[in-house]
Amino acid sequence: MQHDLVLTGLGALGSFGGSTERLWQALLDGTPLLTRHRRFAREGLAAVVPDFRLDDYKRTAKGHRAPRISQYALAAAAQAIREARLDAKGVDKDAVAIVYGTGNGPSEVVEHNLAAITQSGLRALEPLSFQESVFNAPASMVSIEYGFRGPLLALPMGWASGGYAIATAADLIEFGHAQVVLVVVSDEMSELGEHALKRLKLFSPSEDPGDAIRPFDVAHSGTLPGEGAAAVVLETSAHAALRGAVPLATLAGWATASDSFGVGPKANGQALAHAMQQAVARAGGLRPDAIYSGSYCTADADLAEADAVVGTFGSGKRPLVTNVRGALGEAKAPTALLGIVAAAQSLRTGTVPATTGCRERDPRCAIDVCTQTTAVPGIEAVLCNAFWVNGTNASVLLRAAP
């Protein structure tokens with residue numbers, strides 16, 4: 001059965017701070033939110049969450065002992081839950097599901113446990129830290145704090161997890177497994193994880209915050225590490241109306257796809273194009289006015305997505321394409337869901353923020369990159385992409401709220 005699915009709550013946490021308003025203002029300002037941090041042994045340029053205190057979002061007796069990745073998830077979830085009124089009396093907590101996504105999982109705990117074992121043996125492993133090392137730990141923490149008892153899923157789908165999570169949430173509702181779903185995505189920075197990603201050449205070598213991340217630009221050379229979380233409450237419009245929740249945007253279409261070639265030269269964006277085409281078809285052929293890019297700003301990723309956009313929408317007038325990474329850095333899995341949160345703001349305000357860092361478009365990327373914040377009168381739909389080097393692809397199409 002096809003339902004009208006709506007977003008009724010949004011939450012955001014990242015280098016911009018901790019609210020959807022701050023996220024949107026950061027994108028409009030267009031200033032790269034990259035700072036030199038000393039969290040690890042070596043100083044580095046990254047997009048870190050500033051001045052984070054869990055109490056600013058949710059007061060909890062035990063949450064402060066949890067890893068940052070779990071605290072971030074709870075902070076974003078608390079914002080979305082509050083806006084959607086899922087914390088109100090009378091909410092059927094058996095009907096609330098959680099779909100959680102992450103790129104790297106609780107990597108700091110894993111690194112701590114690995115160091116303890118290799119240095120002192122198995123007896124050095126702390127039992128409580130072991131249970132915090134599993135991928136579903138942040139989602140379980142949110143579930144326990146709010147008492148939600150519906151299905152709980154954890155999706156470690158790399159940096160495409162944000163798109164996969166909301167698509168899976170929509171399927172849960174469509175197949176009758178839940179009436180309302182809290183979608184949460186979070187990631188944290190860790191020394192070993194960032195080192196590995198740097199060795200994979202996913203990070204820009206630039207040490208200049210204003211010049212490091214260049215989406216679709218002739219100088220594109222990767223993104224830079226970051227962290228954060230995002231959350232969305234998804235439900236049918238009928239269920240929202242019964243609860244008195246206000247729709248913020250409509251989820252019109254969604255699709256996932258995979259490609260064993262990832263974003264390498266053999267892929268040509270085929271799997272991502274398939275995901276976009278399926279999402280548009282699911283929305284009845286609704287053509288987006290803008291696209292929030294899923295590219296992590298390497299040349300391969302930019303070219304693959306550009307090819308996919310051209311393959312999906314042809315050579316005529318195409319949607320405006322924007323990428324949030326030039327302003328926000330790379331929060332890994334949350335970046336895709338942050339794009340969806342921002343897309344809801346684009347639909348509300350009729351504005352597409354500029355692609356910070358794109359000064360001279362790579363001519364091989366034959367797309368209409370939004371290089372300055374643009375008003376789009378009558379904007380009706382926005383497409384949001386997410387993909388990762390392992391060939392996971394997701395596309396989500398939002399329509400303006402009724």
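Reference entry: report on the structure contained in this document. Just so we're clear, the structure is a prediction, and the values are computed from it rather than from any experiment. (Residues numbered from 1 in each chain as written. Predicted model: local features only at pLDDT ≥ 70, side-chain atom pairs only at ≥ 80, totals over all residues. Heavy atoms only, no water.)

Here the focus is the overall build of the protein chain. If you tally the helices and strands in the protein chain, you get 12 helices and 15 strands. In terms of overall size, the protein chain behaves like a compact globule, its C-alpha atoms giving a radius of gyration of 20 Å where 402 residues would be expected to give roughly 21 Å. Summarising its shape, the C-alpha atoms of the protein chain cover approximately 65 × 50 × 40 Å along the three principal directions. Burial status across the protein chain gives 61% buried among its 402 residues. Across the protein chain, every contact between residues at least 6 apart in sequence was considered, and the portion connecting residues at least 24 apart equals 80%. Carbon and sulfur atoms provide 52% of the accessible area of the protein chain, an area that totals close to 16100 Å². (Helix = DSSP H or I, 4+ residues; strand = E, 2+ residues; numbered from the N terminus. Rg over C-alpha atoms; globule rule 2.2 N^0.38 Å. Buried < 20%, exposed > 50% of the residue type's maximum accessible area, 1.4 Å probe, protein only. Contact = heavy atoms within 4.5 Å. Areas by Shrake-Rupley, 256 points an atom, 1.4 Å probe, with all protein chains shown as cover.)

Here we take up helix H12 (residues 333-349). Since there are 3.6 residues in each turn of an α-helix, residues three or four apart along the chain are aligned in direction. Look at H12: 25 Å from first C-alpha to last across 17 residues, which is about the 24 Å you get at 1.5 Å a residue. In terms of burial, H12 is largely enclosed, as 15 of its 17 residues are buried. Downstream of H12 by a residue or two, Gly350 has a phi angle that is positive, lying close to 70°. (Expected span 1.5 Å × (residues − 1).)

The nonpolar side chains of a soluble globular protein tend to be buried with one another. Within the largest apolar cluster, 97 residues are counted, with the highest numbers of intra-cluster contacts made by Val181 and Leu251. If one sorts the elements of this core by residue count, H12 sits on top with 10 residues. Excluding anything up to four places from it in sequence, Leu251 contacts Leu5, Leu7, Ile166, Ala170, Leu234, Val396, Leu397 and Leu398. If you look at the next biggest cluster of nonpolar residues, it comprises 32 residues, including Tyr57, Ala75, Ala139 and Leu182. (Core = buried A, V, L, I, M, F, W, Y, C linked by side-chain atoms within 4.5 Å.)

Where helix H6 (residues 161-174) contacts H12, the two axes come as close as 6 Å, and the packing angle between them is 60°. Compared by their axis directions, H6 and H12 come out oblique. Between H6 and H12, the contacting residues are Ser161, Gly162, Gly163 and Ile166 on the first element and Ala333, Ala336, Leu337 and Ile340 on the second. Grouping the constituent residues of the contact of H6 with H12 by class yields five nonpolar, three polar and no charged. (Axes fitted to C-alpha atoms, helices over the stretch in contact; angles between N-to-C directions. Parallel < 35°, antiparallel > 145°, perpendicular 65-115°, else oblique. Nonpolar A, V, L, I, M, F, W, Y, C, P; charged D, E, K, R; others polar.)

As a further point, take the sheet that holds strand E8 (residues 249-258). Taken in spatial order, the 11 strands line up as E5-E4-E6-E7-E1-E8-E15-E14-E9-E10-E12 in an open sheet, and their pairing is mixed. With partners counted over all chains shown, the strands left at the sheet margins are strand E5 (152-155) and strand E12 (368-369), one partner each. Here eight bridges tie strand E1 (residues 5-13) to strand E7 (residues 228-236), and the two strands are oriented antiparallel to one another. Bridge pairing in E7 links Gly9 to Val233. (Pairing = 2+ DSSP bridges.)

Before going further, it helps to examine the state of the cysteines. If you walk through the whole model with that rule in mind, you get zero disulfides. No disulfide involves Cys370; its sulfur sits 9.8 Å from that of Cys358, the nearest cysteine. (Disulfide = S-S within 2.5 Å.)

Quick look at the packing of aromatic side chains now. For the coordinates displayed, the defined rule picks out seven aromatic pairs. Each ring, one from Trp159 and one from Tyr296, has its centre 5.8 Å from the other, and the planes form 85°; the classification is edge-to-face. Here the residue Trp159 occupies a position in the loop between E5 and H6, and Tyr296 occupies one in the loop between strand E9 (290-292) and helix H10 (299-313), the gap between them amounting to 137 residues. Residue Tyr296 is classed as buried on the basis of its relative accessible area of 1%. Pairing Tyr296 with Phe387 gives two aromatic rings, centres 5.8 Å apart and planes at 50°, and the pair type is tilted. Of this pair, Tyr296 sits in the loop between E9 and H10 while Phe387 is found in strand E14 (residues 381-387), placing the two residues 91 residues apart along the sequence. One aromatic cluster is present, built from ring pairs that chain together Trp159, Tyr296, Phe387 and Trp388. Just above the ring of Tyr146 sits the side chain of Lys58; from NZ or CZ to the centre is 5.1 Å. (Phe/Tyr/Trp six-rings, centres within 6.5 Å; stacked < 30°, edge-to-face > 60°. Lys NZ or Arg CZ within 6 Å of the ring centre and 35° of its normal.)

On to unusual backbone geometry, then. Positive phi, normally seen in glycine, also occurs at Lys201, with a value near 65°. You can call Lys201 exposed: its relative accessible area is 67%.

It is worth spelling out the pattern of salt bridges at this point. Considering all chains together, one arrives at 13 salt bridges under this definition. Note that Arg53 is salt-bridged to Asp56, the shortest N-O span being 2.5 Å. Note that Arg364 and Asp362 form a salt bridge whose closest N and O atoms lie 2.8 Å from each other. (Salt bridge = Lys/Arg side-chain N within 4 Å of Asp/Glu carboxyl O.)

Turning to the packing of helix H1 (residues 20-29) against H12, a few remarks are in order. Packed helix pairs are characterised by how far apart their axes lie and by the angle those axes make with each other. Closest axis-to-axis distance for the H1/H12 pair is 10 Å, and the angle between their directions is 80°. By the angle between their axes, H1 is roughly perpendicular relative to H12. Residue-level contacts link Thr20, Leu23, Trp24 and Leu27 of H1 to Leu338, Val341, Ala342, Gln345, Ser346 and Thr349 of H12. Classifying every residue of the contact of H1 with H12 gives six nonpolar, four polar and no charged.

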